[in-house]
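Chains, contacts and geometry: an overview
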Amino acid sequence: MSIDQNLDEIIKARRSIRLFTSEMPTKEDIKAIIQAGVLAPFAGLANTGKDGRKFIVVSRNNPLINQLSSVVKNRAGVFAEQFNAQTNSNPILRAQGQGFLKRLEMTAQQGPLGIGSAPYYIVVAEKRGIPDVQHKSLAHCMENMWLKATALGLGFHLVTITTQMEQDNEFCNLLSLPFGEYRLDGCAIGFPAQNPPQPIRSSIDDVTTWFL
Ligand SMILES: Cc1cc2nc3c(=O)[nH]c(=O)nc-3n(C[C@H](O)[C@H](O)[C@H](O)COP(=O)(O)O)c2cc1C
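Now for a quick tour of the structure. (Residues numbered from 1 in each chain as written. Predicted model: local features only at pLDDT ≥ 70, side-chain atom pairs only at ≥ 80, totals over all residues. Heavy atoms only, no water.)

**With respect to the nonpolar core**
For clarity, the cut-off: We define a nonpolar core as any set of buried Ala, Val, Leu, Ile, Met, Phe, Trp, Tyr and Cys residues linked to one another through side-chain atoms lying within 4.5 Å. Summary of the burial criterion: residues with accessible area below 20% of their type's maximum are buried, those above 50% are exposed, and those between are partly exposed, where the area comes from a 1.4 Å probe applied to protein chains only. Per the convention used, a helix needs a DSSP run of H or I reaching at least four residues, while a strand needs a run of E reaching at least two, with both numbered from the N terminus. For this analysis, residues touch if any pair of their heavy atoms sits within 4.5 Å.
The biggest cluster of nonpolar side chains holds 30 residues, and the ones touching the most others in it are Leu68, Tyr121, Phe171, Leu175 and Leu177. For this core, the secondary-structure elements that each account for two or more residues are strand E1 (53–59), helix H3 (64–88), helix H5 (98–110), strand E2 (120–127), helix H8 (169–174) and strand E4 (182–190). Once residues lying within four places of it in the same chain are set aside, the contact partners of Leu68 are Val58, Ile115, Tyr121, Phe171, Leu174 and Leu175. Core analysis: the second largest hydrophobic core is formed by 18 residues, Met142, Ala149, Leu154 and Ile189 among them.

Written out as structure tokens, the structure reads:
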């Protein structure tokens, strides 16, 4: 896939890629992806945008990746226990949260997908502010990065458990982030080793209401 594909093609080609080859993407490509993230919108009222957003790139060749993976693994176990306890007193949460609980338990057993299983794990940190909209900012940032990675022929998947790790002192310390000051999100990037089938998408007519 080449960089001059038009926007529609790139949007269509964007997929969650969770299996990667052993080849490392170049630092230039990673920088181009970060540039796309830098250009994503930020909440002007909540932060100035100057030092508001940080990118931390961890290659799977750096020993830090194992430390991060193990901190996330342990935390996922704690989150699973806490969530399980909450569902005991809340039948609706119990009924609807089974998938989430299973995911947490799997992470606690096997470690987090994307942290060590991909050539790069990138954490994006957005300085907290009022209103508390940093996770929305981060979602915009992630989408820009995802589309750029797609345009470069790279695979990408979100590592959403990163958002919960902003509550973990050790995780923030490992990344040299001041604890409590940033909202976080994360993603994994590498060369794709899979071509997942297209999910069923709604047709425009089915999902749109017009008032013209
Ligand atoms: C808010 C949000 C969080 C997500 N978190 C994860 C995640 O932690 N790990 C993952 O592999 N995919 C994650 N996904 C990706 C979705 O599973 C994926 O986008 C969806 O299944 C559609 O597949 P596609 O991305 O290939 O089009 C997330 C997507 C969204 C919108």
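**What to know about the site of the ligand**
Note the following rule: Throughout this document, a residue counts as near a molecule or strand when at least one of its heavy atoms sits within 4 Å of that molecule or strand. N or O atoms within 3.5 Å of each other form a polar contact, as long as, within protein, one can give a hydrogen and the other can take it, and as long as residues adjacent in sequence are counted only when both atoms are side-chain atoms. Note on areas: Shrake-Rupley with a 1.4 Å probe; residue coverage comes only from the protein chains shown. Just so you know the grouping, Ala, Val, Leu, Ile, Met, Phe, Trp, Tyr, Cys and Pro go in nonpolar, Asp, Glu, Lys and Arg go in charged, and all remaining residues, Gly too, go in polar.
Near the ligand, the surroundings consist of Arg14, Arg15, Ser16, Arg18, Trp146, His157, Leu158, Val159, Thr160 and Arg201. Arg14 places a polar side-chain atom, nitrogen or oxygen, 2.8 Å from an oxygen atom of the ligand. In isolation the ligand offers 620 Å² of accessible surface; the protein chains occlude 57% of this area. Of the residues in the shell around the ligand, the class split is three nonpolar, three polar and four charged.

**Description of the packing of aromatic side chains**
Counted only if it meets this: When the centres of two rings from Phe, Tyr and Trp lie within 6.5 Å, Trp using its six-membered ring, the rings pair. Their planes under 30 degrees apart give stacked, over 60 give edge-to-face, and anything left gives tilted. Lysine and arginine charges are scored as sitting over a ring when NZ or CZ, respectively, is within 6 Å of the ring centre and within 35 degrees of the ring normal.
Evaluation of the coordinates by the stated rule reveals two aromatic pairs. Consider the rings of Phe83 and Phe100, whose centres lie 5.1 Å apart with planes at 90°: the pair is edge-to-face. You can see Phe83 sitting in helix H3 and its partner Phe100 sitting in helix H5, a full 17 residues away along the chain. With centroids separated by 4.9 Å and ring planes inclined at 20°, the aromatic side chains of Trp146 and Phe156 adopt a geometry described as stacked. Of the two residues, Trp146 is situated in helix H6 (residues 134–151) and Phe156 in strand E3 (residues 155–158); the sequence distance between them amounts to 10 residues. Residues Trp146 and Phe156 agree in their burial class; the two are buried. Sitting over the face of the ring of Trp146, Arg14 holds its NZ or CZ atom 4.4 Å from the ring centroid.

**A word on helix H2 (residues 27–38)**
The line we're drawing: Here the expected span of a helix is defined as 1.5 Å times the quantity of residues minus one. In this context, the arc is that of the directions from the helix axis out to the C-beta atoms.
When the terminal C-alpha atoms of H2 are compared, their 16 Å separation across 12 residues agrees well with the 16 Å that a helix rising 1.5 Å per residue should span. Those residues of H2 that sit buried are Ile30, Ile33, Ile34, Ala36 and Gly37. The buried side chains of H2 occupy one side of the element, clustering within an arc of 155° when seen end-on. Exposed side of H2, more than 90 degrees from the buried face: Glu28 and Lys31 are the residues found there. Those residues of H2 that are buried lie in contact with E1, E2, H6 and E4.

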